[in-house]
Amino acid sequence: MRTAFAVADIYLRLSGFRLTLSDEEAFSLVVGVAQCHQEVGDVAKAFRQHLDPPP
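In this report, we go over the structure that sits alongside the text. (Residues numbered from 1 in each chain as written. Predicted model: local features only at pLDDT ≥ 70, side-chain atom pairs only at ≥ 80, totals over all residues. Heavy atoms only, no water.)

1. Digging into helix H1 (residues 2–14)
Link 1 in the chain: Its 13 residues give H1 an end-to-end C-alpha distance of 18 Å, which sits within 8% of 18 Å, the value for a rise of 1.5 Å per residue.
Link 2 in the chain: Turning to H1, its buried residues number three or more, namely Phe5, Asp9 and Leu12. For H1, the angular spread of the buried residues around the axis is 65°, confining them to a single face. Facing away from the buried side of H1, by more than 90 degrees, are the exposed residues Thr3, Val7, Ile10, Tyr11 and Leu14.
Link 3 in the chain: Check the buried side of H1 and you find it contacts strand S1 (18–19), helix H2 (23–34), helix H3 (40–49) and strand S2 (51–52). (Helix = DSSP H or I, 4+ residues; strand = E, 2+ residues; numbered from the N terminus. Expected span 1.5 Å × (residues − 1). Buried < 20%, exposed > 50% of the residue type's maximum accessible area, 1.4 Å probe, protein only. Arc of directions from axis to C-beta. Contact = heavy atoms within 4.5 Å.)

2. Here's the deal with the packing of aromatic side chains
Link 1 in the chain: Under the defined criterion, the tally for this structure stands at 1 aromatic pair.
Link 2 in the chain: Between the aromatic rings of phenylalanine 5 and phenylalanine 47, the centroid separation amounts to 5.9 Å while the plane-to-plane angle is 85°, which identifies the pairing as edge-to-face. Note that phenylalanine 5 is positioned in helix H1 and phenylalanine 47 in helix H3, a separation of 42 residues in sequence. Phenylalanine 47 carries the same exposure label as phenylalanine 5, and that label is buried. (Phe/Tyr/Trp six-rings, centres within 6.5 Å; stacked < 30°, edge-to-face > 60°.)

Dropping the structure here:
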């Protein structure tokens, strides 16, 4: 999941977006997915809530 998170972050940055998750929030999200405590919808919701659009 760490690789998937990094790739998603890079893709979003290349598209002009920026994730605003704190390090702690990102860590909790990645660990939650790795431990099967997060559903795909939860991850999508977290990304939507912490996404700055392009300027």
